[in-house]
Amino acid sequence: MKNKIALKLTLYFSAVLVVFALIIGGVFYQFFKEHTVEIKKQEMRVRAEKIAVVLSDNMSRMEQRHGEGIANSKFITYLDNVTQEIVWVVDSERNLNVNRERMRRAHEPKQHHRSGFFGFGEMPERPHYGGPPKTAREAYDRMPSQVKEKVERCFQGQSFVLEEYNPMLDGIMLTVGQPVYGENGQIKAVLLLHSPVEGLREAVWEGLRILFISLLAAAVLGMLLAVLFSWRFTKPLNIMKNIAERLAERDYSARSNISQQDEIGELARTLDELAGRLQLADEESQKLEKLRREFIANISHELRTPVTVIRGSLEALRDGVVTEQEDVQEFHEQMYKESLFLQRLINDLLDLSRLQNTDFPIEKAPLNMVDVIHDAVRSSRQLGTEKRLQITSSVDEDCYMLNGDYGRLRQMLMVFLHNSIKFSPEGSELRLELEGNRLKIIDHGCGIKPEDVPHAFDRFYKARNEHNKSGSGLGLAIAKQIAQRHDMELELTSKVGEGTTITVVLPPKMKQEQE
């Protein structure tokens, strides 16, 4: 069977049903037997009391008519037949009066099963009396000693109920003893009412048979329900197993979609969450791999151009292709510019690598961000002289203390200002505004296309226009890393033909210590 858990659950459930049936059967048998015997004892007590009353009422009449009193065998035979019980009467002379025909049949040879039956006792070997008793006195003498003791107590007014083997009746009997009173209130006799336990055995057996049939039907139904519930219980487990196998095969789109409100449902939701995270991690890994390939391609492209220029110039000088002094000087100047570009590119790569490494420390100290702003504006004015740009700054307060690296923060602002200067038209305005914790760098340049805005801070990403032919494409990426290392957020908005605004969300100001 493929579904091993369902098979185990079915077997476990079946074993529980069997144990439960055995326990219920045993408890039912014990209580049912005791209850049946107790009911029979109560019935026999009531019947014995009524018979004793009848005997007491007819005692004087029988003495006048037959001269035998309650020892009249015909009257006892009549009671025996009417009550369907075995009626014995012991008179004050200790004579046992019985139904002689029943006594004769009880002494006929027959086959007995001596083994006990469900706790009703085991019948001993029957004594050999040589036939039924000939006299009432002999019959009394043949009674078991325990019954005789009870009869003597009954002559003192104590009724009794006894369950034991009676050799005279050759069977286990329920015996009820009831005193019979005369007219003057004296006990004249003892009534013994016998009922064979064999009938109780049959009643108990019938009850057990019905219980067995009921338990068998319940077991069959329980097995069917166990198979159904086991299948329903293991179905989500099989689904999750298949999901785990698909995840192992790198199919991270697999989902169980199980919505049970229990531990299995929680496990399924956890598995789905794991699949989602693995899918995100895989997408991120693919994205990083794509960035790695693009980085290699970009850095190769950026290095190829200056290296090619330098090599071509050197070959021309070495082979004597260029001999004029002015041309030689021009070639030297070109090689120098390309070497500076290589140096700047390598420095930018080193800066970006260091800033991206969280283990690389930056020298932070308490500083006034307003001083950094004024310093960057002063330096950028020299860069904007050629385009006659008006670079201004405005702050709403003179002190904004925070913990940071002065040089790196100035580098970040210079990157933003340099880009604004490069894309701004001649004679335009460029300003820095500090309001609260928001620092804005606003220019009126050509702007950035909407599709280029999300990639503005990516490495080596450069918008394709005539203003962006130079540069390594690493400046804004470095500025982004500096901002992140200082717990700052960057926002960029731009409209083509109107300009660009970069907003730096500064961290909360440091609390100045009170002297």
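Residues numbered from 1 in each chain as written. Predicted model: local features only at pLDDT ≥ 70, side-chain atom pairs only at ≥ 80, totals over all residues. Heavy atoms only, no water.

**Q** What exactly am I supposed to notice about the sheet that holds strand 3 (residues 160-166) here?
**A** The pairing of strands in a sheet comes from backbone hydrogen bonds and takes either a parallel or an antiparallel form. If you trace the five strands from one edge of the open sheet to the other, you get 2-1-5-4-3, paired in antiparallel fashion. For this open sheet the edge positions go to strand 2 (96-97) and strand 3, each flanked by a neighbour on one side alone. Of the strand pairs in this sheet, strand 1 (residues 86-91) and strand 2 are connected by two bridges, and their pairing is antiparallel. Counterpart to V89 in the pairing with strand 2 is N97. Here helix 5 (residues 145-154) sits on the sheet and contacts strand 1, strand 3, strand 4 (171-181) and strand 5 (187-196); the angle it forms with strand 3, its principal contact strand, is near 160 degrees. (Pairing = 2+ DSSP bridges. Helix = DSSP H or I, 4+ residues; strand = E, 2+ residues; numbered from the N terminus. Contact = heavy atoms within 4.5 Å. Axes fitted to C-alpha atoms, helices over the stretch in contact; angles between N-to-C directions.)

**Q** Whenever I open this one, unusual backbone geometry confuses me. Can you help?
**A** Trans peptide bonds make up the majority, and among non-glycine residues the majority have a negative phi. If you check the backbone angles, N257 has positive phi at about 55 degrees while not being a glycine. Among the residues examined, N257 registers a relative accessible area of 67% and is labelled exposed. With phi around 60 degrees, D487 is a residue other than glycine that occupies positive phi space. Tracing the backbone through its elements, the reader meets D487 in the loop between helix 11 (475-485) and strand 11 (489-495). (Buried < 20%, exposed > 50% of the residue type's maximum accessible area, 1.4 Å probe, protein only.)

**Q** Help me understand the packing of aromatic side chains in this model?
**A** Two measures describe an aromatic ring pair: the distance that separates the ring centres and the angle between the ring planes. Throughout the structure, instances matching the rule amount to zero aromatic pairs. Between the NZ or CZ atom of R94 and the centre of the ring of F155, over which it lies, the distance is 4.0 Å. (Phe/Tyr/Trp six-rings, centres within 6.5 Å; stacked < 30°, edge-to-face > 60°. Lys NZ or Arg CZ within 6 Å of the ring centre and 35° of its normal.)

**Q** So what exactly am I meant to see when it comes to the packing of helix 10 (residues 406-423) against helix 11 here?
**A** For any two helices packed against each other, one specifies the inter-axial angle together with the distance between the axes. Across the interface, helix 10 lies against helix 11 with an axial gap of 9 Å and an inter-helix angle of 145 degrees. Read as a crossing pair, helix 10 and helix 11 show a hand that is left-handed. Across the interface between the two elements, R408, L409, Q411, M412, V415, F416 and N419 from helix 10 touch G475, L476, I478, A479, I482 and A483 from helix 11. (Left-handed = near helix turned anticlockwise from the far one by under 90°.)

**Q** Looking at this model, I keep getting lost on the environment of T500. Mind explaining?
**A** If you trace the backbone, T500 turns up in strand 12 (residues 499-505). Between the C-alpha atom of T500 and that of I441, which follows or precedes it by 59 residues, the distance is 8.2 Å. If we skip the residues at most four places from it in the chain, T500 touches I441, I442, D443, G447, I448, L492, T493 and S494. A polar contact is formed between the side chain of T500 and the side chain of S494, at a distance of 2.9 Å. (Polar contact = N/O pair within 3.5 Å; in protein donor to acceptor, adjacent residues only side chain to side chain.)

**Q** I keep staring at the confidence of the model for the protein and nothing clicks. Help me out?
**A** Low-confidence regions, as indicated by low pLDDT, have predicted coordinates that should not be scrutinised in detail. Overall, the prediction assigns the protein a mean pLDDT of 79, with 83% of residues at 70 or greater. Summarising per-element confidence for the protein, the mean pLDDT is lowest in helix 3 (residues 100-106) (62) and highest in strand 10 (residues 438-442) (93). Low pLDDT (under 50) marks residues 112-120, which in the prediction has 29 contacts with non-local residues, meaning those over four places away or in another chain. (pLDDT = per-residue confidence, 0-100.)

**Q** In this structure, what is going on with the pairing of strand 8 (residues 401-404)? I would like to understand it.
**A** Taken residue by residue, a regular strand's side chains alternate between the two faces of the sheet. The side-chain alternation of strand 8 yields one buried face, formed by L402 and G404, and one unburied face, formed by M401 and N403. In the sheet, strand 6 (residues 365-368) pairs with strand 8 via four bridges, with the strands oriented antiparallel. Residue pairing across strands places A365 opposite G404, the latter belonging to strand 8.

**Q** Whenever I open this one, the sheet that holds strand 11 confuses me. Can you help?
**A** With mixed pairing, five strands are arranged side by side in an open sheet as 7-9-10-12-11. Where the open sheet ends on each side, the last strands, each with one partner, are strand 7 (390-395) and strand 11. Averaged over all pairs of adjacent strands, the angle between their axes in this sheet comes to 10 degrees, without regard to strand direction. Here strand 10 runs beside strand 12; their pairing, made up of five bridges, is antiparallel.

**Q** Is there a simple way to think about helix 5 in this case?
**A** Turning to helix 5, its buried residues number three or more, namely V147, V151 and C154. What you see down the axis of helix 5 is that its buried residues fit within an arc of 60 degrees, all on one side. Turned more than 90 degrees from where helix 5 packs its buried face, S145 and E149 sit exposed. The elements touched by buried residues of helix 5 are strand 1, helix 4 (136-142), strand 3, strand 4 and strand 5. (Arc of directions from axis to C-beta.)

**Q** Would you mind going over the environment of R47 with me for this structure?
**A** Mapping R47 onto the fold places it in helix 1 (residues 4-66). Accessibility expressed as a relative area gives 29% for R47, which makes it partly exposed. In this structure the C-alpha to C-alpha distance between R47 and T83, which are 36 residues apart in sequence, comes to 8.2 Å.

**Q** Whenever I open this one, the nonpolar core confuses me. Can you help?
**A** What tends to happen in soluble globular proteins is that the nonpolar side chains get buried as a cluster. In terms of nonpolar packing, the biggest core is built from 40 residues, with M369, L409, M412 and F416 touching the most fellow members. Those elements that place two or more of their residues in this core are helix 8 (325-356), helix 9 (369-383), helix 10, strand 9 (429-435), strand 10, helix 11 and strand 12. At eight residues, the largest contribution of residues to this core is made by helix 10. With near-sequence residues (within four places) excluded, L409 lies in contact with L367, M369, V372, L402, G404, I482, H486 and M488. Ranked by size, the runner-up nonpolar core spans 21 residues in total, among them I51, M59, L191 and V197. (Core = buried A, V, L, I, M, F, W, Y, C linked by side-chain atoms within 4.5 Å.)

**Q** Please explain a nonpolar patch on the surface as it appears in this structure.
**A** A surface patch of nonpolar side chains, amounting to about 520 Å² of accessible area, comprises F212, I213, L216, V220 and L224. By secondary structure assignment, the location of L224 is in helix 6 (residues 198-248). (Patch = residues over 30% accessible without salt bridge, like charges linked within 9 Å, V, L, I, M, F, W, Y side chains within 5 Å. Areas by Shrake-Rupley, 256 points an atom, 1.4 Å probe, with all protein chains shown as cover. Salt bridge = Lys/Arg side-chain N within 4 Å of Asp/Glu carboxyl O.)

**Q** Even after reading the chapter, I still don't get the pattern of salt bridges, so can you show me in this structure?
**A** Note that side chains of opposite charge can pair when their charged atoms are close. Using the criterion set out here, one finds 14 salt bridges in the structure. With a shortest N-O distance of 2.8 Å, R94 and E152 are connected by a salt bridge. Taken together, the residues R94 in the loop between strand 1 and strand 2 and E152 in helix 5 connect sequence positions 58 residues apart. Overall, E152 belongs to the partly exposed group, its relative accessible area being 30%.

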